[in-house]
Amino acid sequence: MDASESGATAPEKHDDGESFTKVKSKKSQKRKLEPDGGTTMEVEQPNKRPHFPPISADKLRGSDEMRKVAVPAHRYTPLKENWLKIFTPIVENLQLQVRFNLKTRNVEIKTCKETQDIAALTKAADFVKAFVLGFQVDDAMALIRLDELFLESFDVTDVKPLKGDHLSRAIGRIAGKGGKTKFTIENVTKTRIVLADTKIHILGSFQNIKMARTAICNLILGSPPSKVYGNIRAVASRTAERF
């Protein structure tokens, strides 16, 4: 009886082994079946491909969207003086609606039926934001005209945690005597830079912002301006040769 029981159990283990190998073989069979026609689901997929009619421009735009740009107190007067220069390109070129909300102190930009470009709202918001940060209207206007321009802002203390006179000297090194250093970095890197207390705002293309940021960070860390000039001129000449 013991022998028969052991004989009965042995084939069961053998069957388990065969069933385990069958599971593996199912995968290989599946792979073999795929080129021949595959499963019923795979055969039906190409026949049941959905057909969507072309969407109209009105549906693509969707409902009217609005962006708000907060205006700090020290930019009220410049905004009032330059309102016509800001208002004209947003309304005439981008076909958007714009107003200054006196209660919330926000510039509100809204799309309308005449708006054709989907990216117009983002361009207008960036344009107003650049002006609010301190850029001239003519410089900020480049954000509307060109696609590959960006804004970048960072704090002097993000680069190095400075306090008191050390912080003042770092800002002084970036500006230079009469703004000479700042103008030189702007001209060499083809960017625009705004120094607002400890905040630094850079307007330009991605590559140019990177060059200007590196130069400013080196000045904050204590490099003399003459060394920074040499470095950015070398980098600028390399990029000019590349393009």
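Summarised in this report is the structure supplied together with it. Since this is a predicted model, take the numbers as computed values, not measurements.

1. Quick word on unusual backbone geometry
The backbone of glutamine 95 shows a phi angle near 55 degrees, a positive value even though the residue is not glycine. What makes glutamine 95 partly exposed here is its relative accessible area of 26%. For lysine 190, which is not a glycine, the phi torsion comes out positive at approximately 55 degrees. On the basis of relative accessible area, lysine 190 is assigned to the exposed category, the value being 67%.

2. Topic: the pattern of salt bridges
Any two side chains of opposite charge can pair, so long as their charged atoms come close to each other. Taken as a whole and assessed by the stated rule, the structure comprises five salt bridges. For the salt bridge of arginine 192 with aspartate 139, the shortest nitrogen-to-oxygen distance reads 3.5 Å. Taken together, the residues span a long stretch of sequence, with arginine 192 in strand S5 (residues 192-196) and aspartate 139 in helix H7 (residues 137-140) at a distance of 53 residues. Overall, the relative accessible area of 23% leaves aspartate 139 in the partly exposed class. Of the charged contacts, one joins arginine 213 and glutamate 152 as a salt bridge, the two residues approaching to 2.8 Å between their closest N and O atoms. With arginine 213 in helix H12 (residues 206-220) and glutamate 152 in strand S4 (residues 150-155), this pair connects stretches of sequence that are 61 residues apart. Taking the relative accessible area as the measure of exposure, arginine 213 reaches 27% and is therefore partly exposed. Given the relative accessible area of 23%, glutamate 152 is considered partly exposed.

3. Observations regarding the packing of helix H5 (residues 83-93) against helix H6 (residues 120-133)
Interhelical geometry of H5 versus H6 gives an angle of 170 degrees and a closest axis separation of 11 Å. Here H5 is positioned roughly antiparallel relative to H6, judged by the angle of their axes. Residue-level inspection shows Lys85, Ile86, Pro89 and Ile90 of H5 in contact with H6, the latter providing Ala124, Phe127, Val128 and Phe131. Split by residue class, the contact of H5 with H6 holds seven nonpolar, no polar and one charged.

4. Some details on the sheet that holds S4
Strand order across the open sheet formed by three strands is S4-S6-S5, with antiparallel pairing between neighbours. At either end of the open sheet lies a strand with only one pairing partner, and these are S4 and S5. Strand after strand, the sheet turns through a mean of 15 degrees between neighbouring axes, direction not considered. Along the sheet, H6 makes contact with S4, S5 and strand S6 (199-204), crossing S4 at roughly 35 degrees. Relative to the sheet, H12 contacts S4, S5 and S6, its axis offset from that of S6 by approximately 155 degrees.

5. Comments concerning the pairing of strand S2 (residues 97-101)
In the sheet, S2 pairs with strand S3 (residues 106-110) via five bridges, with the strands oriented antiparallel. When the sheet's bridge partners are listed, asparagine 101 is paired in S3 with asparagine 106. The antiparallel pairing of S2 with S3 creates a hairpin that spans four residues between the two strands, and arginine 105 there sits at a positive phi of about 60 degrees.

6. A closer look at the sheet that holds S2
Through backbone hydrogen bonds, the strands of a sheet pair up, either in parallel or in antiparallel fashion. Within the open sheet, the three strands sit side by side as S1-S3-S2. Their pairing is antiparallel. Both edges of this open sheet fall to strand S1 (66-70) and S2, since each of them pairs with a single strand only. Each neighbouring strand pair of the sheet contributes to a mean axis angle of 20 degrees, computed without reference to strand direction. In this fold H5 packs onto S2 and S3, with an angle of close to 150 degrees to the strand it touches most, S2. Along the sheet face, H6 touches S1 and S3 and points at about 5 degrees away from the line of S1.

Thresholds applied
- Residues numbered from 1 in each chain as written.
- Predicted model: local features only at pLDDT ≥ 70, side-chain atom pairs only at ≥ 80, totals over all residues.
- Heavy atoms only, no water.
- Buried < 20%, exposed > 50% of the residue type's maximum accessible area, 1.4 Å probe, protein only.
- Salt bridge = Lys/Arg side-chain N within 4 Å of Asp/Glu carboxyl O.
- Helix = DSSP H or I, 4+ residues; strand = E, 2+ residues; numbered from the N terminus.
- Axes fitted to C-alpha atoms, helices over the stretch in contact; angles between N-to-C directions.
- Parallel < 35°, antiparallel > 145°, perpendicular 65-115°, else oblique.
- Contact = heavy atoms within 4.5 Å.
- Nonpolar A, V, L, I, M, F, W, Y, C, P; charged D, E, K, R; others polar.
- Pairing = 2+ DSSP bridges.

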